Amino acid sequence: MKFYSTRDKNICVSGAEAIALGLAPGGGLFVPECFPAYAPDAAKDYPQLARDIFGLYLDEFSADEIAEIVRRSYQVGNFPADPAPLASVAGVEVLELWHGPTAAFKDMALQALPHLLSASRIKAGHDKDTVILVATSGDTGKAALAGFAGVEGTQIIVFYPLGGVSRMQELQMLTTDADNAFVVGVHGNFDDCQRAVKTIFNDAAFRTRLADGGKEFSSANSINFGRLMPQIVYYYHAYNQLLRAGKIKMGDKVDIAVPSGNFGNILAACYAGKMGLPVRRLVCASNENRVLTDVIASGRYDRRRDFFTTASPSMDILVSSNFERYVYHLLDGDTAAVAELYAKLDAEGVFELPAAAIAKMKEQLWGGCAPWDEVAEAIDSVYAAEHYVMDPHTAVGYAVCKQYQATFGADATPLILASTASPYKFPAAVLGALGEDVAAIAELEQGSALAELTAGEVHYALRGLDQLPICQDLTADKSELAEKVADILHV
Ligand SMILES: *Cc1c(COP(=O)(O)O)cnc(C)c1O
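Analysis parameters
- Residues numbered from 1 in each chain as written.
- Predicted model: local features only at pLDDT ≥ 70, side-chain atom pairs only at ≥ 80, totals over all residues.
- Heavy atoms only, no water.
- Axes fitted to C-alpha atoms, helices over the stretch in contact; angles between N-to-C directions.
- Helix = DSSP H or I, 4+ residues; strand = E, 2+ residues; numbered from the N terminus.
- Parallel < 35°, antiparallel > 145°, perpendicular 65-115°, else oblique.
- Left-handed = near helix turned anticlockwise from the far one by under 90°.
- Contact = heavy atoms within 4.5 Å.
- Nonpolar A, V, L, I, M, F, W, Y, C, P; charged D, E, K, R; others polar.
- Pairing = 2+ DSSP bridges.
- Core = buried A, V, L, I, M, F, W, Y, C linked by side-chain atoms within 4.5 Å.
- Buried < 20%, exposed > 50% of the residue type's maximum accessible area, 1.4 Å probe, protein only.
- 1 Å grid on protein atoms, 1.4 Å probe; cavity = no way out; pocket = protein on both sides within 12 Å on 5 of 7 lines; lining within 4 Å.
- Points joined across faces, edges and corners; volume = space filled by probe spheres on them.
- Salt bridge = Lys/Arg side-chain N within 4 Å of Asp/Glu carboxyl O.
- Arc of directions from axis to C-beta.
- Patch = residues over 30% accessible without salt bridge, like charges linked within 9 Å, V, L, I, M, F, W, Y side chains within 5 Å.
- Areas by Shrake-Rupley, 256 points an atom, 1.4 Å probe, with all protein chains shown as cover.
- Lys, Arg positive; Asp, Glu negative; His and termini not counted.
- Charge placed at Lys NZ, Arg CZ, Asp CG, Glu CD.

**With respect to the packing of helix α13 (residues 323–330) against helix α14 (residues 335–348)**
Part 1: One can describe the packing of α13 onto α14 by two numbers: an axis separation of 9 Å at closest approach and a directional angle of 140 degrees. The angle between α13 and α14 places the two elements in the oblique class. Where α13 crosses over α14, the two elements pack in a sense that is right-handed. Facing α13, whose interface residues are Phe323, Glu324, Val327 and Tyr328, α14 presents Thr335, Val338, Leu341 and Tyr342.
Part 2: Looking at the contact of α13 with α14 residue by residue, the class counts come to six nonpolar, one polar and one charged.

In structure tokens, the structure reads:
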């Protein structure tokens, strides 16, 4: 299996190299040359599915190597025996992707990526240690830390904006206890952190210093194919669960709805469809930041717009990086056309898809956006009807599912909704939606208040955080982050 850059057909590498590099030289993203056929099978459990699917894309790895990566990623301890159970709730099949160690769906891939990356670097002949730099606005930081903590041959440095994340998210990061993990509170905002990461990444002199110290950078964000591939697995797992429950017969189609930001999670569902999972339509859900809703409706990607801070912060994104991969497939792999569109996006902030591509997209994708009042109403009404508590990201998806069913009419085709976070990760918004006076509850008490109100249990990853010792104490000004990295890495 070869991987091409979305922007240059001449860049062609192995799967191991694609994962080791993260981003293709020249700014493109790596895409597989084809989609191997793979059929659902009710008899297969999650690790078996992961072994099969990883093996199809990483054919230079032996079955034993893949099995070891999968075992370490999804073993009990990281996840419950079923890492991604399905719950039938109020007309949709909710695929719970938040049972991992940081209570958000990013664990499904970030528990695997460090092992994939370590093995890929050896396979691709990279002999240096890997340094992962992450800028986070909250969720990605802890999920990446949890994945990379203690993984040999890697070091991870996370920047977060001081005062810019919730206390719960901050404590999740600061209580990380591992020799290879470093968390830096930055005097600056998230954009400052993100810009610093990009600048350090692209600094040739810094890379040389790093190489002299036996280290090199790679990427843990969702542009890495190593994060996309593990996400394909759970869509097959959902289908197999519907088969086992007798809700569908082999070959019956399903719809899949995904609350989207960077377009990574929904792209994995699209890839599952290309491999043979019977998918009728993909429903792309956005919050007030509706750049994806608009491009699906009009074919025009336009990031020149106001940015809204919402109750679903992990979807507050104006440039959905993985959409580039989708555009590449829509354009039948025409890398020159993709390069041209994305150069235009860079220069002018907008591009327009050709008519044929728009028609194709509209057959596969339906987009909707839900503002906070609809999201709050979704959380409240689903709780009232079913005693099921959704987090604000999942609730954006649920609200858009209702719009979708109102548009097309509900039919016998099951609608799978990806649930991307535990409600206990965002208790303030959930309590507010349920009509509670959040301001009267101290931030660190909100989780237990939600548990009490709904007779539920705080997610295990978020319990007793304020009792754990603080293991990280680095801070820095936004102007001195490169020196900080050099300090930490002794280069
Ligand atoms: C990252 C994230 C999303 C968005 O996923 P994409 O793959 O970026 O589209 C949605 N919900 C939660 C809770 C997230 O952490």
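**With respect to the sheet that holds strand β2 (residues 8–14)**
Part 1: Strands sit in the order β2-β1-β3 across an open sheet of three strands; the sheet is antiparallel. The sheet terminates laterally at β2 and β3 (30–32), the two strands that pair on one side only. The average undirected angle you get between the axes of adjacent strands in this sheet is 40 degrees.
Part 2: Of the pairings in the sheet, the one linking strand β1 (residues 2–5) to β2 comprises four bridges and is antiparallel in character. Looking at β2, one finds that Lys2 is bridged to Ser14.

**A look at the nonpolar core**
Part 1: Counting residues in each nonpolar core, the largest one holds 102 residues, and the members touching the most others are Phe54, Tyr235, Ile256 and Phe323.
Part 2: For Tyr235, the contacting residues outside a window of four places in its chain are Leu95, Ile256, Val258, Asn265, Ala268, Ala269, Ala272, Leu277 and Ala418.
Part 3: Judged by nonpolar contacts, the second largest core, of 43 residues, contains Val94, Leu434, Val438 and Leu450.

**Here we look at α13**
Part 1: Among the eight residues of α13, eight are classified as buried, and the element is accordingly described as predominantly covered.
Part 2: Here α13 has its buried residues at Phe323, Glu324, Arg325, Tyr326, Val327, Tyr328, His329 and Leu330.
Part 3: Immediately beyond the C-terminal end of α13, within one or two residues, lies Asp332, with a positive phi of roughly 55 degrees.

**Quick word on the layout of surface pockets**
Part 1: By volume, the second largest pocket amounts to about 430 Å³.
Part 2: Considering the residues around the second largest pocket, the lining is formed by 22 residues, among which His115, Ser118, Ala119, Ile122 and Glu152 are closest to the centre.
Part 3: Breaking the lining of the second largest pocket down by element, the ones donating at least two residues are α3 (63–74), α5 (113–123) and β6 (129–135).
Part 4: Looking at which element gives the most residues to the lining of the second largest pocket, the answer is α5, with seven residues.

**Thoughts on the pattern of salt bridges**
Part 1: One pass over the structure, following the stated rule, counts 21 salt bridges.
Part 2: The closest approach of N and O atoms between Arg195 and Asp192, which form a salt bridge, is 3.5 Å. Placement of the pair is Arg195 and Asp192 together in helix α8 (residues 190–201), with a separation of three residues, close to one helical turn.
Part 3: The exposure class assigned to Asp192 is buried, which follows from its relative accessible area of 12%.
Part 4: Residues Arg280 and Asp411 are paired through a salt bridge, measuring 2.8 Å at the closest nitrogen-oxygen approach. With Arg280 in strand β11 (residues 279–286) and Asp411 in the loop between α17 (392–408) and β15 (415–419), this pair connects stretches of sequence that are 131 residues apart.
Part 5: Judged by its relative accessible area of 30%, Arg280 is partly exposed.
Part 6: Taking relative accessible area as the criterion, Asp411 reaches 45% and is therefore assigned partly exposed.
Part 7: Several salt bridges converge on common partners, so that one network encompasses Glu68, Arg71 and Arg72.

**Let's talk about helix α19 (residues 446–454)**
Part 1: Along α19, the residues that are buried comprise Gln446, Gly447, Leu450, Ala451 and Thr454. Buried residues along α19 cover an arc of 145 degrees about the axis, so they all sit on one side.
Part 2: Summarising the contacts, the buried residues of α19 are in contact with α16 (372–386) and α18 (427–433).
Part 3: Downstream of α19 by one or two residues, Ala455 has phi in the positive range, about 50 degrees.

**Let's talk about a negative patch on the surface**
Part 1: Together, Asp373, Glu374, Glu377 and Asp380 give the surface a local cluster of negative charge.
Part 2: Among the secondary structure elements, Asp380 is positioned in helix α16.

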